[in-house]
Amino acid sequence: MLLGEKEKLDAAGAPHRCRRQFLNVSTGKCIQVEVPELQDHGVIRSTTAEGLLFLHCKATGAIRLLNPLTRQTAELPPVTILSKTYPGYARAGLADDHTAFLYSFGEMAFIKPGDERWVMLTHMPMPNVFFAGRLYGITNRAIMTVDMNRGEVVVVAKLDKRFNEDGRVDKGVHLVDNGGKLVLVHRTIGRSWRQRSYKVYRVDLEAGKVTTRGGVGLSLGGRAIFLARCHSISVSPQAFPSIEANTVYPGLKLSERGGSKQIGSYRIRDGKTKSFGYDSQNPLPQPWSIADCLAAYV
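Just so you know, these numbers come straight off a predicted model, no measurement behind them.

Asker: Is there a simple way to explain the overall build of the chain in this structure?
Answerer: Along the backbone of the chain there are two helices and 23 strands. Counting only residues that meet the buried cut, the chain has 52% of its 298 residues in that class. Sequence separation of 24 or more characterises 43% of the internal contacts of the chain that already satisfy a separation of 6 or more. Surface summary for the chain: the accessible area is close to 14600 Å², and the carbon and sulfur share equals 49%.

Asker: Looking at this structure, I do not really get unusual backbone geometry. What am I missing?
Answerer: Leaving glycine aside, a negative phi is the common case for residues, and trans is the common case for peptide bonds. Note the cis peptide between Ala-14 and Pro-15, where omega equals 10°. Mapped onto the elements of the fold, Pro-15 is located in the segment before strand 1 (19-23). Phi at Arg-71 is positive, roughly 70°, even though this residue is not glycine. Looking at where Arg-71 falls in the secondary structure, it is placed in the loop between strand 5 (63-66) and strand 6 (73-76).

Asker: What is the right way to look at the environment of Leu-9 in this model?
Answerer: Mapped onto the elements of the fold, Leu-9 is located in the segment before strand 1. Sequence separation between Leu-9 and Val-43 is 34 residues; the distance between their C-alpha atoms is 5.5 Å. For Leu-9, the contacting residues outside a window of four places in its chain are Leu-2, His-16, Arg-20, Gly-42 and Val-43.

Asker: Explanation requested: helix 2 (residues 290-297) in the structure shown.
Answerer: Within an α-helix, residues lying three or four positions from one another point in the same direction, as the helix has 3.6 residues per turn. Across the eight residues of helix 2, seven count as buried, placing the element largely inside the fold. When we look at burial in helix 2, the residues that qualify are Ala-291, Asp-292, Cys-293, Leu-294, Ala-295, Ala-296 and Tyr-297.

Asker: So what exactly am I meant to see when it comes to the pairing of strand 4 (residues 53-57) here?
Answerer: Taken across its five residues, strand 4 has five buried, putting it largely inside the fold. Residues of strand 4 alternate between two faces, with Leu-53, Leu-55 and Cys-57 on one and Phe-54 and His-56 on the opposite face, all of them buried. Direction of pairing for strand 3 (residues 41-46) relative to strand 4: antiparallel, over a ladder of four bridges. Counterpart to His-41 in the pairing with strand 4 is Cys-57. Here strand 4 runs beside strand 5; their pairing, made up of four bridges, is antiparallel. Residue pairing for strand 5: His-56 is matched across the bridge by Ile-63. The antiparallel pairing of strand 4 with strand 5 creates a hairpin that spans five residues between the two strands, and Gly-61 there sits at a positive phi of about 80°.

Asker: Would you take a moment to explain the pattern of salt bridges for this structure?
Answerer: Once their charged atoms are close, side chains differing in charge can pair, the charge on each being opposite to the other. Here the structure, examined in full by the defined rule, presents eight salt bridges. Here Arg-19 and Glu-34 are joined by a salt bridge, their closest N and O atoms 3.3 Å apart. Of the two residues, Arg-19 sits in strand 1 while Glu-34 sits in strand 2 (residues 30-34), which places them 15 residues apart along the sequence. Its salt-bridge partner being Arg-267, residue Glu-244 comes within 2.9 Å of it at the nearest N-O pair. Of this pair, Glu-244 sits in the loop between strand 20 (232-235) and strand 21 (247-250) while Arg-267 sits in strand 22 (residues 265-267), and the two are 23 residues apart along the sequence. Beyond isolated ion pairs, a larger network of salt bridges with shared partners links Glu-37, Arg-64, Arg-71 and Glu-75.

Asker: Please explain the sheet that holds strand 21 as it appears in this structure.
Answerer: Across a sheet, paired strands are connected by hydrogen bonds in the backbone, their directions being either parallel or antiparallel. In space, the five strands of this open sheet follow the order 20-19-21-22-23, with mixed pairing throughout. A strand with exactly one partner marks an edge of an open sheet, and here the two such strands are strand 20 and strand 23 (273-274). As defined by bridge partners, strand 21 adjoins strand 22 across two bridges and the pair is classed as antiparallel. For Thr-247, the partnering residue across the bridge sits in strand 22 and is Arg-267.

Asker: How do you make sense of the nonpolar core when you look at a structure like this?
Answerer: Generally speaking, nonpolar side chains in soluble globular proteins are found buried as a group. In terms of nonpolar packing, the biggest core is built from 22 residues, with Met-1, Leu-23, Phe-226, Ile-233, Val-235, Ile-243 and Leu-294 touching the most fellow members. It is helix 2 that provides the largest number of residues to this core, a total of six residues. Those residues in contact with Phe-226, other than ones at most four positions away along the chain, are His-231, Ser-232, Ile-233, Val-235, Ile-243, Tyr-249, Ala-291, Leu-294, Ala-295 and Val-298. Membership of the second largest hydrophobic core comes to 16 residues, among which are Phe-54, Ile-63, Leu-76 and Ala-100.

Asker: In this structure, what is going on with the side chain of His-41? I would like to understand it.
Answerer: The residue His-41 is located in strand 3 in this model. Overall, His-41 belongs to the buried group, its relative accessible area being 7%.

Asker: Even after reading the chapter, I still don't get the packing of aromatic side chains, so can you show me in this structure?
Answerer: Geometry of an aromatic ring pair is reported as the spacing of the ring centres plus the angle between the planes. The tally for this structure, following the rule as stated, stands at four aromatic pairs. For the pair Phe-101 and Phe-110, a centre-to-centre distance of 6.4 Å together with 50° between the ring planes defines the contact as tilted. Summarising the burial analysis for this pair, Phe-101 and Phe-110 share the class buried.

Scoring rules and cut-offs
Per chain, residues are indexed from 1 in the order of the written sequence. Only residues with pLDDT of at least 70 get local features here, since the model is predicted, and only at 80 or more are side-chain atom pairs given and counted; chain-wide, interface and lining totals rely on the full set of residues. As a rule here, side-chain values cover all heavy atoms of the structure and leave hydrogens and water aside. Helix numbering and strand numbering both begin at the N terminus, where a helix is a DSSP run of H or I of at least 4 residues and a strand a DSSP run of E of at least 2. Any residue under 20% of the maximum accessible area for its type is buried, any over 50% is exposed, and the rest in between are partly exposed; the area is computed with a 1.4 Å probe on protein chains only. It only takes one pair of heavy atoms within 4.5 Å for two residues to be counted as in contact. Where accessible areas are quoted, they stem from the Shrake-Rupley method and a 1.4 Å probe; at the residue level, only the protein chains shown are allowed to cover. Only strands that DSSP links by at least two bridges are regarded as paired with each other. Basic side-chain nitrogens of Lys or Arg form a salt bridge, by our definition, when they fall within 4 Å of a carboxyl oxygen of Asp or Glu. The definition of a nonpolar core used throughout is a set of buried Ala, Val, Leu, Ile, Met, Phe, Trp, Tyr and Cys residues joined through side-chain atoms within 4.5 Å. Pairing of aromatic rings covers Phe, Tyr and the six-membered ring of Trp, with a centre-to-centre limit of 6.5 Å; geometry is then stacked below 30 degrees between planes, edge-to-face above 60, and tilted otherwise.

Written as structure tokens, this is what we have:
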């Protein structure tokens, strides 16, 4: 993953610094790589494409998919949804092993390398996760995926309850690839906006349902999850010893990371929280810890 410490890397701000740091979330290793494309491209934030960069050309609006380590590229045409809204809010990723997507404010576009134009699809739910070669999203009643053969969204698992009473599921329910197991993390708002709780459910795609059976609910299988509105990642404390197991770390843009009683981490087992001294008015001290970098990345 590309480390940026909240640096804005949109196309309008190019040129950007070309020597960048990349972190391997599986091993904990960090390397520096030259990305000369950042002279005239921005980076569209990726929700699913591990290690790949979605570059947005400042001059033409074209999209380039780049592996910064091998220098392999795929040239993609411009897409209209990036021009409708502020492009910094767009997200990119993989819908399957051969299909890229862009998402912006309820609209999604898909393309395969070699295609001349993007295929538009509306109402794809967010947040989403790339899991076992497919893209999954969530609504207030179901988990869904994209059937690329039919070009439509289909239900793969139904939810037994509404996780948000106001229906704004994307603000409180998150799908996460937790070390090869698909889980749903429910982030609940208490009486005070500063109060948060987190509960974990296992997604059983074969049975088409969500359950807390099998030990899930008070455990993340020894892993930790960094959670944000549209993107979440799961990491192993074996790769990052400073990170606590079975713990949720809210991303820096979530509301619980602000204020005097902010939540920097939440331990699933007993609800114990820690604060790392960050809010929008008081930035984190330098240098950043690995937890700070991951919380900024999501």
